[in-house]
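Listed here are the chains, written in short residue letters.
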Amino acid sequence: MITFRDVHVTYPTGTKGLDGVSLEIPEGEFVVVVGLSGAGKSTLVRAVNGLVPVTSGELEVNGQRVDGARGGTLRRLRADVGMIFQGFNLVTRVSVLRNVLMGRLSHSPVSSLFGVYGAADKEIAFDALDRVGILDKAYVRASRLSGGQQQRVAIARVLAQQPHVVLADEPVASLDPPTANAVMADLRRVQRQLGITTVVNLHFLDLAKSFADRIVGMRAGRIVFDGPAAEVDDRVFESIYGRSLSVQDVSTAEVDRLT
Amino acid sequence: MRTVGTRPPAAGPVDGDRPKRPNPWRQVTGSLVTAVVVVLCVVTVDAQWARLSEAPGILGDYLRLMTRGVLQNPMADPYTDYWSKAFEYMVESLQMAWIGTLVGAVLSFPAAFLAARNVSPRPVVFVTRQVLNVIRAIPELILAIAIMLPIFGLGPLAGALALGVGSVGTLGKLGSEVIEAVDPRPVEAVAATGARRLHVLAWGVLPQALPEIVALWLYRFEINIRAGAILGAVGAGGIGSILTQLFEARLWDRIGITLFLVIAVTVLVDQLSARVRHRIIAGGGKDPVAGEAEALA
Amino acid sequence: MTATTTVPAPGRAVPPKPRPPWGLYAGLIACAVVTVWAALGIEFTLAPLFSDLTRGREVVAEFFRPDWEFAWRVREQWLETLQLAVVAGSLGCLLALVLAHMASDVTAPPWMARTLKALLAVERSLPDVAWALLAVAVVGNGALAGILALFAFNVGVAAKLTAESVDAVDRGPVEAATAVGASAVQRAVAAVLPQVMPNFLSYSFYVFELNIRASLVIGLVGAGGIGQVIKTELSRFQYSHISAIVAVFVVVVFVLDQASAWLRRRLI
Ligand SMILES: Nc1ncnc2c1ncn2[C@@H]1O[C@H](COP(=O)(O)OP(=O)(O)OP(=O)(O)O)[C@@H](O)[C@H]1O
Ligand SMILES: [Mg+2]
């Protein structure tokens, strides 16, 4: 459960990232956020785990206030909120398993400093890798994997956190359309299995429509559309993007519903 | 919070299908050997560790004496003299380092081209590189004792020349690496106009490599200021000569003044040189000097 | 060639001549002035090369009769040189690794990083002789002084180089670690350390090599190792002894240099 109540984010440069956002995302929902570049999608997502500080308003994740949280409180909150990045953000020099075990950092704060993780943590990591189908790569250096595989490692890292909420900021923007589709399908499947509340930023409307429970459209830091994926039509699209749909707005791959 | 148990398992059985950890014997033996060597050295080295217990007290006393020297009114009688003496020697160190770097730059410039694979034929590259490597292995101190002092006599000139010849190895080697990293396309373009070899070097290679080579010189200047310090101990001029004398006589107030000047001047020159270096290679992307040059100095 | 290529067509705007690079000229003139001043200051001349070349003949001749047996006789000092380099180098690099993380914006709060960087700059400004002289004054002649001097010298070099590697680290994984809820120390260990480790190892080996070179310097002021032998032989004018040691020394440094270059290539 994520609740935004009139949240404003103003960057130090004076730019308004979020301009009075109110939003409620119930447990287990898969929400996709769409909007033009600069609309504030990343800001929205990154506010949820405090990577971007909230200027005013209230932001709650599972009853825990994010705005104003600092130090240990913020770290515990982040441990419960997984994040997937556009650039994967893996430590490419070390093995896939080490990367996934990063998700266990907050669970074994001392021994992890020496690279020592318990058998239970390892099992959780293996299970996470298994869920995204790359268990056999566990001991391969992360740099040796393809982009799609690297993003799966990132998803596994998030799963290893055993989070209640997963955030993904354009998780498939660096991937080719078929791979993007497959990675999204993986994310969606795992999300269904575990019932994790998930917020994803996407650029492509067709991907959004085929995977989302609910779509949130943003423009200039405000929410301009909020409704079930099925309701999104050309008119809604125009209200979000300020123009009509064109071929550039859909990924080229045929979307076959894997979920 | 969810636990492992309550999560539906991804696959069926847990054991058996997990990949095996590859044997990391290389890292393990590497770390073990290093650890053993270090421990052996710590245990066997003939150091009087017991003296360490008194060291902080003694060091504290000396530091107090040194600070007192620095804090005395520099306009008062003996202290004016101390400051100006220290300054004089520090200036001499700077002069030695500057001339030394210049000599090194002049000698290493052609050597860098001879040692660059994309400019010179293989045999020439090989021979030049080996010569540079040998020069790099000879410490400035030895150059001063064995060659410069006998020929040029006591004084800063011998020191400057020792620094100069000592710089040739590093400057030549790093310079050749800069030249090898040059973008080959403009070079090709110059060659395609029918220019002769020297023109290709002058208009295709040099403009690309010069900023970084000059940055290397400046960097070497910073190193030479430090490297020159020891030369004073054998009579080749610079701050080292007065420093060793002062330490022999244990004149702590003057030592304090001298070290303070060394620190102040060196930090100042370093900052200045770093700023100029960054200006020179601004836009050129990475500073080739920062990590690598020091790692080869 | 026709005239049209040299005479601009009527009406075509010729771009204004760019401003001369005054900054560059000023810099060049400044360099020339500094050079003249420095050359006068140290009385630069190459004349002795032609007139007094023979003055050093005896010394140089002695140098060409190295006493190899002597180089072997001082094997204990050779060993001590190695020991000093290893002990000071390993302790110094370990401390430097910690300091480097405290001296980078990536892993430490800006005020701490800035303060520590400044302190390290001051620490590095003292040359190895100065450290050796200080160490000898505090703990007396011998290996301990050598260890302390090299240690101080190593911490500065290794910490600066490693801190620069930490600065240059890929921020992505660091951000990922933050998002996982990692503490500052966990972030450094999980996301930064793996990235800087190859560089750090290569710097450590470089520091070891530096220590071997510096052992001459520190021994010369009484801080143990092979340099101390050179000091005694120098005062006894035993150039044939010195040349044997120097020859071995140069070979050792040459080999180490090659080994470290090979290692660096493998690590990075
Ligand atoms: N760190 C920052 N400092 C200052 N302004 C920022 C910062 N990050 C984002 N902004 C500004 O905030 C606004 C919203 O940016 P945000 O990154 O949330 O957009 P976005 O919808 O994710 O865009 P994109 O699709 O390009 O990723 C933009 O105007 C942007 O310039
Ligand atoms: Mg964005």
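None of these values were measured; they are calculated from a predicted model.

Side note on the pairing of strand β8 (residues 197–201) of chain A
All names here are of chain A. Extensive coverage of β8 is indicated by the burial of five of its five residues. Here β8 shows a buried face lined by Thr-197, Val-199 and Asn-201 and a second buried face lined by Thr-198 and Val-200. In terms of strand pairing, strand β7 (residues 165–169) meets β8 through five bridges, oriented parallel. From the neighbouring strand, Val-165 faces β8, where its bridge partner is Thr-197.

Points about the packing of aromatic side chains
Centre distance and the angle of the planes are the two values used to describe a pair of aromatic rings. Summed over all chains, the structure comprises 11 aromatic pairs over all chains. Between the aromatic rings of Phe-237 of chain A and Tyr-241 of chain A, the centroid separation amounts to 4.3 Å while the plane-to-plane angle is 20°, which identifies the pairing as stacked. Here the residue Phe-237 of chain A and the residue Tyr-241 of chain A both occupy positions in helix α8 (residues 234–241), the gap between them amounting to four residues, near one helical turn. A single burial state applies to Phe-237 of chain A and to Tyr-241 of chain A, both of which are buried. An angle of 85° between the planes, with centres 5.6 Å apart, marks the rings of Phe-247 of chain B and Trp-252 of chain B as edge-to-face. Among the aromatic residues, those joined into a cluster by ring pairs are Tyr-62, Phe-247 and Trp-252 of chain B.

Focus: the UniProt feature "transmembrane region" (unreviewed entry) in chain B
Residues and elements named next belong to chain B. According to UniProt, the "transmembrane region" (unreviewed entry) feature falls on residues 28–50, 96–116, 137–163, 200–219, 226–245 and 251–269. Between the first and last C-alpha atoms of residues 226–245 the distance is 18 Å; the span itself is 65% helix and 0% strand. Helix and strand shares over residues 251–269 are 95% and 0% respectively, and the end C-alpha atoms of the span are 27 Å apart.

Quick word on helix α6 (residues 177–194) of chain A
Residue and element names in this part refer to chain A. Between its first and last C-alpha, α6 extends 26 Å over 18 residues, near the 26 Å set by a 1.5 Å rise per residue. For α6, the complete set of buried residues consists of Ala-180, Asn-181, Val-183, Met-184, Ala-185, Asp-186, Leu-187, Arg-188, Val-190, Gln-191 and Leu-194. In this structure, the buried residues of α6 make contact with β3 (30–35), β6 (81–84), α4 (119–131), α5 (147–160), β8 and α7 (205–211). In the segment just after α6, Gly-195 is the residue with positive phi, at about 65°.

What to know about the sheet that holds strand β5 (residues 64–65) of chain A
All names here are of chain A. Read across the open sheet, the four strands follow the order β2-β1-β4-β5; overall the sheet is antiparallel. Unpaired on one side and paired on the other, β2 (16–25) and β5 mark the two borders of the sheet. When strand β4 (residues 56–61) meets β5, the two strands line up antiparallel, connected through two bridges. Across the sheet, residue Glu-60 finds its bridge partner in β5, namely Arg-65.

What to know about the packing of helix α3 (residues 77–114) of chain B against helix α9 (residues 239–249) of chain B
All names here are of chain B. Direction vectors running N to C along α3 and α9 enclose 140°, while the axes themselves pass 7 Å from each other. It follows from the interaxial angle that α3 and α9 lie oblique. Contacts between α3 and α9 involve Lys-85, Ala-86, Tyr-89, Met-90 and Ser-93 on the former and, on the latter, Ile-239, Ser-241 and Ile-242. Broken down by class, the residue content of the contact of α3 with α9 amounts to five nonpolar, two polar and one charged.

Observations regarding the environment of Ala-158 of chain C
All names here are of chain C. Mapped onto the elements, Ala-158 comes out in helix α8 (residues 143–167). Residue class for Ala-158 comes out buried when judged on its relative accessible area of 1%. Each C-alpha atom of the pair Ala-158 and Leu-99 lies 9.4 Å from the other, and the pair is 59 residues apart in sequence. With residues near it in sequence (within four places) discarded, Ala-158 still touches Cys-93, Ala-96 and Val-207.

What about the interface of chain B and chain C?
Across the boundary between the two partners, chain B contributes 68 residues, which contact 69 residues of chain C. For the chain B and chain C pair, buried surface summed over both sides reaches about 5800 Å², with 73% attributable to carbon and sulfur atoms. Across the chain B-chain C interface, the total number found is one salt bridge. In this structure, Arg-136 of chain B engages Asp-257 of chain C in a salt bridge whose closest nitrogen and oxygen atoms are separated by 2.6 Å. Across the chain B-chain C interface, the total number found is six residue pairs in polar contact (both at pLDDT 80 or more). Top contributing element to the side of chain B that touches chain C by residue count: α3 of chain B, with eight residues.

Quick word on the sheet that holds strand β9 (residues 214–219) of chain A
Residue and element names in this part refer to chain A. Taken in spatial order, the six strands line up as β6-β7-β8-β3-β9-β10 in an open sheet, and their pairing is mixed. Taken across any chain shown, the strands that pair with only one partner, and hence form the sheet edges, are β6 and β10 (222–228). Taking each pair of neighbouring strands and ignoring which way they run, the sheet shows an average axis angle of 15°. Relative to β10, β9 runs antiparallel, the two being bridged by six bridges. Directly across from Ile-215, in β10, lies its bridge partner Gly-227. Sheet contacts for α8: β3, β9 and β10; angle to β9, the most-contacted strand, approximately 35°.

What about the site of ligand 1?
All names here are of chain A. Around ligand 1 there are 13 residues in total, and Ser-37, Gly-38, Lys-41, Ser-42 and Thr-43 lie nearest to it. Take Lys-41: an N or O atom from its side chain is 2.7 Å from an oxygen atom of ligand 1. Protein burial of ligand 1: of its 640 Å² of free accessible surface, 63% is covered by the chains. Class assignment for the residues of the shell around ligand 1 results in three nonpolar, eight polar and two charged.

Some points on the side chain of Ser-243 of chain C
All names here are of chain C. Turning to its location among the elements, Ser-243 is positioned in helix α12 (residues 239–267). Among the polar contacts listed, one links the side chain of Ser-243 to the backbone oxygen of Ser-240, at a separation of 3.1 Å. With near-sequence residues (within four places) excluded, Ser-243 lies in contact with Glu-62, Phe-63, Arg-65 and Pro-66.

What about the confidence of the model for chain B?
Residue and element names in this part refer to chain B. When pLDDT is averaged along chain B, the result is 85; 89% of the residues meet or exceed 70. Note on residues 283–297: pLDDT is under 50 here. Beyond four places in sequence and across chains, it has 44 contacts. Scoring of the predicted complex yields 0.81 for pTM and 0.84 for ipTM.

Quick word on the nonpolar core
Counting residues in each nonpolar core, the largest one holds 112 residues, and the members touching the most others are Leu-141, Leu-231, Phe-247, Trp-252 and Leu-259 of chain B together with Ile-226 and Ile-245 of chain C. In terms of residue count, the dominant contributor to this core is helix α7 (residues 128–139) of chain C (11 residues). Aside from chain neighbours lying at most four places away, what touches Leu-259 of chain B is Met-66 and Leu-243 of chain B together with Leu-126, Ala-130 and Leu-134 of chain C. Formed by 71 residues, the second largest nonpolar core is a distinct cluster that contains Ile-84, Val-91, Leu-135 and Ala-185 of chain A.

Comments concerning a negative patch on the surface
All names here are of chain A. A surface patch of like charges, here negative, comprises Glu-231, Asp-233, Asp-234 and Glu-238. Tracing the sequence through the fold places Glu-231 in the loop between β10 and α8. Among the residues examined, Glu-231 registers a relative accessible area of 49% and is labelled partly exposed.

Considerations on the domain arrangement of chain A
Residue and element names in this part refer to chain A. In terms of domain boundaries, chain A breaks down into domain 1 (1–80 + 165–172 + 197–259) and domain 2 (86–162). Here the C-alpha centre of domain 2 lies 26 Å away from the C-alpha centre of domain 1. If you look at the interface, domain 1 gives seven residues, while domain 2 gives six residues. In this assembly, domain 1 packs against domain 2 so that about 500 Å² is buried in total across both faces, 40% of it on carbon and sulfur atoms. Among the residues of domain 1 in contact with domain 2, Ala-79, Glu-170 and Pro-171 are the three that bury the most area, contributing 62% of the side total. One can count zero salt bridges joining domain 1 with domain 2. At the surface where domain 1 touches domain 2, the tally comes to four residue pairs in polar contact (both at pLDDT 80 or more). Those elements that place two or more of their residues in the side of domain 1 that touches domain 2 are α2 (71–79) and β7.

Thresholds applied
- Residues numbered from 1 in each chain as written.
- Chains lettered and ligands numbered in written order.
- Predicted model: local features only at pLDDT ≥ 70, side-chain atom pairs only at ≥ 80, totals over all residues.
- Heavy atoms only, no water.
- Buried < 20%, exposed > 50% of the residue type's maximum accessible area, 1.4 Å probe, protein only.
- Helix = DSSP H or I, 4+ residues; strand = E, 2+ residues; numbered from the N terminus.
- Pairing = 2+ DSSP bridges.
- Phe/Tyr/Trp six-rings, centres within 6.5 Å; stacked < 30°, edge-to-face > 60°.
- UniProt positions renumbered as here; feature names shortened; annotations may be inferred.
- Expected span 1.5 Å × (residues − 1).
- Contact = heavy atoms within 4.5 Å.
- Axes fitted to C-alpha atoms, helices over the stretch in contact; angles between N-to-C directions.
- Parallel < 35°, antiparallel > 145°, perpendicular 65-115°, else oblique.
- Nonpolar A, V, L, I, M, F, W, Y, C, P; charged D, E, K, R; others polar.
- Buried area = accessible area lost by both parts, 1.4 Å probe.
- Salt bridge = Lys/Arg side-chain N within 4 Å of Asp/Glu carboxyl O.
- Polar contact = N/O pair within 3.5 Å; in protein donor to acceptor, adjacent residues only side chain to side chain.
- Near = heavy atom within 4 Å.
- Areas by Shrake-Rupley, 256 points an atom, 1.4 Å probe, with all protein chains shown as cover.
- pLDDT = per-residue confidence, 0-100.
- Core = buried A, V, L, I, M, F, W, Y, C linked by side-chain atoms within 4.5 Å.
- Patch = residues over 30% accessible without salt bridge, like charges linked within 9 Å, V, L, I, M, F, W, Y side chains within 5 Å.
- Lys, Arg positive; Asp, Glu negative; His and termini not counted.
- Charge placed at Lys NZ, Arg CZ, Asp CG, Glu CD.
- Domains from an automatic or database assignment.

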